[in-house]
Amino acid sequence: MKLAKAQRRHARKQQGSKNRAKARKKVARIHARIADRRRDFLHQLSTRLIRENQTICVETLAVKNMVKNHRLAKAISNVGWSEFVSLLSYKAAWYGRNLVKIDKWYPSSKRCFDCGHMLDSLPLDMRVRTCPECGVVHDRDINAAKNIHAVGLTVFEACGEAVRPGRAKARSGKLR
Ligand SMILES: [Zn+2]
């Protein structure tokens, strides 16, 4: 990787030398480029999610571990989940979509989507679990996502009028 290479080169240069200063700048430039790319990626992803879906349900806090997609995980660890959610929020408003935020305390992982059974605890590293009640084998993240989606739609229907941004048509125009 370019960054690691630049960092190694920087470390090898003599303290206080001109070359070391140059190498340090190079490392900083690569860092900045990576941050830009990640920000871009989150912008593109949030725009796509909003354009392709009428209603999106998100948990207000994603445990780092829950983000399986490597690229997404890295980008989010840089920017922060709450910032990603705020990107989704303003784009939802812009395009006339519904964004339902689910409280981070909702036990989305511990609840069995199929039968509603609630586990007392679920270690973070347990990626797959079998429900002791109904025996269904769940992928942790997919089970959590299904719960968030279901509760989100319920919340949305219950207070839809309050959440729905009127009959506002999606505004046109480019938004990034
Ligand atoms: Zn179950």
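All values derive from a computational prediction rather than experimental measurement.

Parameters at a glance
Residues numbered from 1 in each chain as written. Predicted model: local features only at pLDDT ≥ 70, side-chain atom pairs only at ≥ 80, totals over all residues. Heavy atoms only, no water. Helix = DSSP H or I, 4+ residues; strand = E, 2+ residues; numbered from the N terminus. Buried < 20%, exposed > 50% of the residue type's maximum accessible area, 1.4 Å probe, protein only. Contact = heavy atoms within 4.5 Å. Areas by Shrake-Rupley, 256 points an atom, 1.4 Å probe, with all protein chains shown as cover. Salt bridge = Lys/Arg side-chain N within 4 Å of Asp/Glu carboxyl O. Donors = N, O, S within 2.8 Å, 3.2 Å for Na, K, Ca; no water. Tetrahedral: all angles 85-135°; square planar, octahedral: opposite > 155°, others 65-115°. Core = buried A, V, L, I, M, F, W, Y, C linked by side-chain atoms within 4.5 Å. Polar contact = N/O pair within 3.5 Å; in protein donor to acceptor, adjacent residues only side chain to side chain. Axes fitted to C-alpha atoms, helices over the stretch in contact; angles between N-to-C directions. Parallel < 35°, antiparallel > 145°, perpendicular 65-115°, else oblique. Left-handed = near helix turned anticlockwise from the far one by under 90°. Nonpolar A, V, L, I, M, F, W, Y, C, P; charged D, E, K, R; others polar.

### Notes on the overall build of the protein chain
- Tallying secondary structure elements over the protein chain gives six helices and four strands in all.
- If you list the helices and strands of the protein chain from N to C, you get α-α-β-α-α-β-β-β-α-α.
- Residues counted as buried form 34% of the 176 residues belonging to the protein chain.
- Put simply, of all contacts in the protein chain between residues at least 6 apart along the chain, 65% involve residues at least 24 apart.
- Of the accessible surface of the protein chain, which amounts to about 11700 Å², a share of 53% is contributed by carbon and sulfur atoms.

### Let's talk about the pattern of salt bridges
- Taken as a whole and assessed by the stated rule, the structure comprises three salt bridges.
- Measuring nitrogen to oxygen at the nearest pair gives 3.1 Å for the salt bridge that ties Asp36 to Arg39. Remark: Arg39 and Asp36 occur in helix H2 (residues 18-52); sequence separation between them is three residues, near one turn of the helix.

### Considerations on the coordination of the zinc ion
- Taken together, Cys112 (SG), Cys115 (SG), Cys131 (SG) and Cys134 (SG) make up the protein donors of the zinc ion, found 2.3 Å from the metal.
- In this structure, the zinc ion is surrounded by four donor atoms whose angles at the metal cover 107 to 112°, and the resulting shape is tetrahedral.

### So, the nonpolar core
- In terms of nonpolar packing, the biggest core is built from 18 residues, with Leu42 and Phe84 touching the most fellow members.
- For this core, the elements supplying multiple residues, two or more each, are H2, strand E1 (55-59), helix H3 (70-79) and helix H4 (81-95).
- Top element by residues in this core is H4. It accounts for seven residues.
- Ignoring sequence-local partners within four residues, the contact set of Leu42 consists of Leu72, Ala75, Ile76, Val79, Phe84 and Leu87.

### Quick look at the side chain of Asn98
- Relative to the helices and strands, Asn98 resides in strand E2 (residues 98-102).
- At 3.1 Å, the side chain of Asn98 and the side chain of Thr55 are in polar contact.

### With respect to the packing of helix H1 (residues 2-12) against H2
- In the contact formed by H1 and H2, the axes pass within 8 Å of each other and the chain directions differ by 160°. Our classification of the angle between H1 and H2 gives roughly antiparallel. Taken as a pair, H1 and H2 cross one another with a handedness that is left-handed. Counted together, Lys2, Leu3, Ala6, Gln7, His10 and Ala11 of H1 and Arg20, Ala23, Arg24, Lys26, Val27, Ile30, His31, Arg33 and Ile34 of H2 form the full contact between these two elements.
- Taken together, the residues of the contact of H1 with H2 break down into seven nonpolar, three polar and five charged.

By themselves, these figures tell us nothing about what the structure is for.
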